[in-house]
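Structural overview
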Amino acid sequence: MGYWGLTAIGFSNILGSGWLFAAMYAAQTAGPAALLSWVAAGLLCALVALVMVELGASRPEGGGTVRWPLYASGRLVGTMVGWSVLLSVGGTAAEITAIMQYAAHYLPGLYNGHTLTFTGLGLALGLSVLLTGLNWFGVRLFSRVNNAVSVFKVVVPVITVIALFASGLHSPDRLTAHGGFAPYGYAACLSALSAGGIVYSVNGFQAPLDFSGEARNPRRSIPASVLSGIGLSVLMYLGLQLAFLYAVPDGLLGHGWHGVNFDSPFGQLALLLNLQWLSSLLYADAVVSPGGSAYVGVAIDARHTYALAKNGLLPRFFMRVNERFGIPNRALALNLAVIVVFLLPFGGWQNIVSVMGDMYLLIYASSAVAASVFRVAARDRLSGWVPGLRWISPVAFVVASEFVYWSGWHDLRLVLPLVLVGLPLFLFLRRDASSTPLAAELRDGAWLVVYLAVITVLSWLGSFGGAGHLSAPWDSLTVAVFALAVFWWAVMSGARHLAAAPQDAEVG
């Protein structure tokens, strides 16, 4: 695949169900100042993306986000990150659940307001099988279908922005009225990153990296496609946010932006503005956009599962690649089973995506460590694709840590202990006959266990949904200082791990 195919994959993965909801939730949380949240998210994600680009362009490998932490930090970190990746398959299930919720506008029997009905679950399972089947027949078909879906996903949001602005501005001073530009304070911009769905919406930029092993000229195409996807998506989201802020009728702002609430924000807003044609188009796209993201997600999950099998977290049975289509079909089948489990009515779309966002951020943090480990290690001849990586990697690690912390205690009290399950899983799967001594493996990966445990405690003590014993901004500053210390520890441990490994040995 080339630049356009990889860019389409990244953009399609970013522009899923998030654009249909995030503008409203961000406005509820931060008011017009949510515009700053989008800009910050784009800049910070670009920073993290540079680390991912360094790894993807210099070490192209299918499912690289799973393999790189294993190479750099050993089996304990590789297992815990791999466990997080396996859990993140739930993101695809969330997109499929969103499709069912939107489709309930036409078929009310699919969704009961909290979970999928029996009928909705059956239809969701059928869609999961269809998406898996489309991915079954090779990379070329995947790229063609995704390109066609991506065009539709771009056109509809653009039409939405134009139509809402053309309908007339309800108040020219909308950005400063109703409590001012930042009615809930500028700290609310940080909360909007998670509570407003901004992190989840921009997340997905790493998708082209998971196809680095199948890219033409990865040194040129991967960096350009990843950064292009981030830039285009942030511009799109800024336009949507502005359109939403200006299009909401004044009568709905009597209680401020907190009081603006829609089940399907842009669709219902279009009806209020007598734009029935736009509303119909939006409800149709509400199926296509999440469907496109789910389609990409199925393909990415299969490559991650393949890499997990190479790591030893799963049986090597799942490494089998179909000779005709070049696809790890057994991995696809396993992920279909995992998606089915997540589709069971244990929670709604919003609950799933809040957990998935933190899973991805933890994966990004481990990748920042891997990039620096490869740079400082003796065998760094493949590194150096991104200038300034010496400072970009630690800043990216701190950024990812802050994003995790800002997601709040309500989510982290579930996410971080769940990730820590990877520790006993590592002990259970460890291969005594051929592996490094247990004490050395625990020493090399101890930084991740301590990192997760302390972030959990800081979240409980902090001001983002916690007990408030650590007030703002001291809580975020504490997280930053702690993250920098852990980053230094992790890089030193990784360098020691690589120095002790046989020069020509393949990890995993």
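Within each chain, residues carry numbers counting from 1 in the order of the written sequence. Per-residue local features of the predicted model are confined to residues with pLDDT of at least 70, and side-chain atom pairs are confined, for both listing and counting, to 80 or more; whole-chain, interface and lining totals are unaffected and use all residues. Remark: hydrogens and water are excluded; side-chain values derive from all non-hydrogen atoms of the structure.

Here we look at the overall build of the protein
A helix here means a DSSP run of H or I that spans at least four residues, while a strand means a run of E at least two residues long, and both kinds are numbered starting from the N terminus. On a plain count of helices and strands, the protein comes out with 20 helices and zero strands. A total of 508 residues make up the protein; the buried ones form 60% of that total. In this description, contact between two residues means that some pair of their heavy atoms is separated by no more than 4.5 Å. In the protein, 82% of the contacts between residues at least 6 apart in sequence involve partners at least 24 apart. Exposure categories follow from relative accessible area, calculated using a 1.4 Å probe and restricted to protein chains: below 20% of the type maximum is buried, above 50% is exposed, and the middle band is partly exposed.

Topic: the environment of V355
Tracing the backbone through its elements, the reader meets V355 in helix α15 (residues 349-376). V355 sits 268 residues away from L87 along the chain, and the two C-alpha atoms are 9.5 Å apart.

Here's the deal with the packing of aromatic side chains
Aromatic pairing here means that ring centres of Phe, Tyr or Trp (its six-membered ring) are within 6.5 Å. Orientation follows from the plane angle: under 30 degrees is stacked, over 60 is edge-to-face, and everything else is tilted. Under the counting rule described, the total for this entry stands at 11 aromatic pairs. Plain terms: the ring middles of Y106 and Y283 are 6.2 Å apart, the flat faces sit at 80° to each other, and that makes the pair edge-to-face. Taken together, the residues span a long stretch of sequence, with Y106 in the loop between α6 (90-103) and α7 (118-136) and Y283 in helix α13 (residues 276-311) at a distance of 177 residues. You can call Y106 partly exposed: its relative accessible area is 49%. Note on Y283: relative accessible area 8%, which makes it buried. With 5.9 Å between their ring centres and 80° between their planes, F244 and F266 make a pair best called edge-to-face.

Things to note about the nonpolar core
Of all hydrophobic cores here, the largest spans 145 residues; its most connected members are W19, L164, F205, F244, F397 and Y451. Take this core: its biggest share by element is 17 residues, from α15. When neighbours within four sequence positions are excluded, F397 is seen to be in contact with A365, A368, V369, W447, Y451, A483, V486 and F487. Of all hydrophobic cores here, the second largest spans 24 residues; its members include I99, A104, L131 and A302. What makes a nonpolar core is a set of buried Ala, Val, Leu, Ile, Met, Phe, Trp, Tyr and Cys residues whose side-chain atoms join them at distances within 4.5 Å.

Overview of the environment of G168
Residue position: G168 is located in the loop between α8 (139-166) and α9 (188-195). Sequence separation between G168 and L273 is 105 residues; the distance between their C-alpha atoms is 9.3 Å.

Some remarks on a nonpolar patch on the surface
A surface patch of nonpolar side chains, about 400 Å² in accessible area, is lined by V450, W488, W489 and M492. No other element matches helix α20 (residues 474-500), which puts three residues into the nonpolar patch. Along the chain, the position of W489 falls in helix α20. Distance thresholds for patches are 9 Å for like charges and 5 Å for nonpolar side chains (Val, Leu, Ile, Met, Phe, Trp, Tyr), applied to residues having over 30% relative accessible area and no salt bridge. Only the protein chains shown count as cover for residues, and the accessible areas themselves come from Shrake-Rupley with a 1.4 Å probe. Salt-bridge detection follows one rule: a side-chain nitrogen of Lys or Arg within 4 Å of a carboxyl oxygen of Asp or Glu.

What about the confidence of the model for the protein?
Every residue is assigned a pLDDT by the predictor, reflecting its confidence on a scale from 0 to 100. Of the residues in the protein, 88% have a pLDDT of 70 or more, and the chain-wide mean is 81. By mean pLDDT, the top-scoring element of the protein is α20 (94), and the lowest-scoring one is α8 (75). Counted against residues more than four places away or in other chains, residues 504-508, with its pLDDT under 50, gives 10 contacts.

Quick look at the packing of helix α5 (residues 75-87) against helix α19 (residues 438-461)
Across the interface, α5 lies against α19 with an axial gap of 7 Å and an inter-helix angle of 40°. Taken together, the axis directions place α5 and α19 in an arrangement best described as oblique. Of α19, the residues touching α5 (which contributes R75, L76, V77, M80 and V81) are E441, L442, G445, A446, W447, L448, V449 and L452. By the convention adopted, Pro, Cys, Tyr, Trp, Phe, Met, Ile, Leu, Val and Ala count as nonpolar, Lys, Arg, Asp and Glu as charged, and the other residues, Gly among them, as polar. Considered class by class, the residues forming the contact of α5 with α19 number 10 nonpolar, one polar and two charged. Fitted lines through C-alpha atoms give the axes, limited to the stretch in contact for helices. The angle between two N-to-C directions lies from 0 to 180 degrees. Relative orientations are named as follows: roughly parallel for angles under 35 degrees, roughly antiparallel for angles over 145 degrees, roughly perpendicular for angles from 65 to 115 degrees, and oblique for any other angle.

Structural notes on the pattern of salt bridges
Summed over all chains, the structure comprises three salt bridges. Between R174 and D250 there is a salt bridge, with its nearest N and O atoms 2.8 Å apart. Of this pair, R174 sits in the loop between α8 and α9 while D250 is found in the loop between α11 (218-247) and α12 (265-272), placing the two residues 76 residues apart along the sequence. The closest approach of N and O atoms between D444 and R443, which form a salt bridge, is 3.8 Å. Accessibility expressed as a relative area gives 5% for D444, which makes it buried. Residue R443 is classed as partly exposed on the basis of its relative accessible area of 44%. What emerges from the salt-bridge pattern is a single network uniting R443, D444 and R496.

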